[in-house]
Amino acid sequence: SSSFYPEKARVPPAIQSPTPPITKFKIGLCQLRVTADKLRNILHTRTALEEAAAKGAKLVVLPEIWNSPYSNDSFPVYAEDIDSGFDASPSTAMLSEVARLLKITIIGGSIPEKSGGKLYNTCCVFGPDGNLKAKHRKIHLFDIDIPGKITFKESKTLTAGETPTTVDTEVGRIGIGICYDIRFQELAMLYAARGAQLICYPGAFNMTTGPLHWELLQRARAVDNQLYVATCSPARDADAGYVAWGHSTLVGPFGEVLATTEHDEAIIISEIDYSQIELRRTNLPLEKQRRGDLYQLVDVQR
């Protein structure tokens, strides 16, 4: 019924997704083992990016905290000052160079960032020209306590980001979240309302929540918003202080798992076809059926 005012369910109204130069392409997810050797991590990640590009990937996604062990003790030691340029940030310098040389878009997982006396968990996006296109600081910090299972508080060292991030690339409008961000459906809804066709979540779920929630959350974010969701985890290291679940995955706009892996190192190559978004939104016209007379999603920054 027109009296439902579906257009008012999004405030401001949803933005039409732009048509990118490339609408059908290969994506690479690099599930990598992270060590305490920062230089080794950088060189190993570079090799993985090159391998993904050689296999045809136009967009490559890296894991959360790929240049450092995942621990509050490590974050300050491995943090880089991204805003001060590549001399102060060897990790992003490598990403920029590889993106430019291979003519690919890189969702740079995340690294610890130092800025203004604070530390952040930060994802950098580089375009095929090597330029930094966006920087997302993890909005929702991972502070949990499951007695007898896992206790971790990122807020002991890290500061939460303040800005949701969408970025226009040659392979579409992409929303960025980092790990714990995936648990908050409002952020994904906001990205969909901003016209995102794909949401990328570099993440490192653990051995307690990973088996239960990792795939569930990815499929939920994808099917609720009728878009693609890509996740990329570090490979599992049973001897590490924090043990990652792995299982990097690509989910389609109908909630279908298109590609995934187990917990070892892997480079997953799959295909994204944005025509599937329009097909699924025609099959299930949720946007036209929202009850704007009953509820609203408000984008406070728009």
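Conventions adopted
Residues numbered from 1 in each chain as written. Predicted model: local features only at pLDDT ≥ 70, side-chain atom pairs only at ≥ 80, totals over all residues. Heavy atoms only, no water. 1 Å grid on protein atoms, 1.4 Å probe; cavity = no way out; pocket = protein on both sides within 12 Å on 5 of 7 lines; lining within 4 Å. Points joined across faces, edges and corners; volume = space filled by probe spheres on them. Helix = DSSP H or I, 4+ residues; strand = E, 2+ residues; numbered from the N terminus. Nonpolar A, V, L, I, M, F, W, Y, C, P; charged D, E, K, R; others polar. Salt bridge = Lys/Arg side-chain N within 4 Å of Asp/Glu carboxyl O. Buried < 20%, exposed > 50% of the residue type's maximum accessible area, 1.4 Å probe, protein only. Expected span 1.5 Å × (residues − 1). Arc of directions from axis to C-beta. Polar contact = N/O pair within 3.5 Å; in protein donor to acceptor, adjacent residues only side chain to side chain. UniProt positions renumbered as here; feature names shortened; annotations may be inferred. Pairing = 2+ DSSP bridges. Axes fitted to C-alpha atoms, helices over the stretch in contact; angles between N-to-C directions. Contact = heavy atoms within 4.5 Å. Core = buried A, V, L, I, M, F, W, Y, C linked by side-chain atoms within 4.5 Å.

## Considering the layout of surface pockets
Computed from the structure, the largest pocket encloses a volume of approximately 690 Å³. Elements supplying a minimum of two residues to the lining of the largest pocket: helix H4 (185-193), helix H5 (210-225), helix H6 (275-283) and helix H7 (286-289). In terms of residue class, the lining of the largest pocket is made up of 13 nonpolar, 10 polar and 9 charged. Considering only enclosed or pocket space, the second largest pocket measures out at about 250 Å³ in volume. Looking at the second largest pocket, it is lined by 18 residues, and the ones nearest its centre are Val 34, Pro 69, Tyr 70, Ala 240 and Tyr 242.

## Digging into the pattern of salt bridges
Overall, the coordinates contain 17 salt bridges when judged by the stated rule. With a closest N to O distance of 3.9 Å, Glu 215 and Arg 219 form a salt bridge. Placement of both Glu 215 and Arg 219 in helix H5 is noted, with a separation of 4 residues, approximately one turn of the helix. Taking the relative accessible area as the measure of exposure, Glu 215 reaches 39% and is therefore partly exposed. Given the relative accessible area of 38%, Arg 219 is considered partly exposed. Each of the salt bridges in this network shares a partner with another, and the network as a whole consists of Asp 83, Glu 113, Lys 135 and Arg 137.

## A few points about helix H1 (residues 38-54)
Taking 1.5 Å of rise per residue, 17 residues should cover 24 Å, and H1 covers 24 Å from first to last C-alpha, within 8% of that figure. By the burial criterion, the buried members of H1 are Asn 41, Ile 42, Thr 45, Ala 48, Leu 49, Ala 52 and Ala 53. Viewed end-on, H1 has its buried residues packed into an arc of 130 degrees, placing them on one side of the element. Opposite the buried face of H1, at more than 90 degrees from it, the exposed residues are Leu 39 and Ala 54. A side-chain oxygen of the first residue of H1 lies 3.2 Å from the backbone nitrogen of Leu 39; this N-cap is Asp 37. Gly 56, located one to two residues past H1, shows a positive phi value of around 100 degrees.

## Topic: the UniProt feature "domain: CN hydrolase" (unreviewed entry) in the protein chain
The positions that UniProt labels "domain: CN hydrolase" (unreviewed entry) are, in the present scheme, residues 25-274. Across residues 25-274, helical content stands at 24% and strand content at 31%; the span's end C-alpha atoms are separated by 9 Å.

## Structural notes on the sheet that holds strand E12 (residues 198-202)
An order of E10-E11-E12-E13-E14-E15 is seen for the 6 strands of this open sheet, with the pairing classed as mixed. Of all strands in the sheet, those bounded by a partner on one side alone are strand E10 (165-169) and strand E15 (257-260). For this sheet the average axis-to-axis angle between neighbouring strands, irrespective of direction, equals 20 degrees. Strand direction decides the pairing type here: strand E14 (residues 249-251) and E15, joined by 3 bridges, are antiparallel. From the neighbouring strand, Val 251 faces E15, where its bridge partner is Val 257. The sheet contacts of H4 involve E10, strand E11 (172-176) and E12, and relative to E12 the element is tilted by about 145 degrees.

## Examining unusual backbone geometry
Note the cis peptide between Val 11 and Pro 12, where omega equals -10 degrees. Note on placement: Pro 12 falls in the loop between strand E1 (10-11) and strand E2 (24-31). Positive phi, normally seen in glycine, also occurs at His 247, with a value near 60 degrees. Take His 247: it is sitting in the loop between strand E13 (228-232) and E14. For His 247, a relative accessible area of 13% translates into the label buried.

## Looking at the nonpolar core
Ranked by size, the top nonpolar core spans 44 residues in total, and within it Ile 27, Ile 107, Ile 174 and Leu 198 carry the most contacts. Considering every element that reaches this core, the biggest residue donor is H4, with 5 residues. What Ile 27 contacts, discounting residues up to four positions off in sequence, is Ala 57, Leu 59, Val 61, Ala 230, Leu 250, Ile 268, Ile 269, Ser 270 and Ile 272. Listed in part, the 22 residues of the second largest apolar core include Leu 32, Ala 53, Cys 124 and Ile 267.

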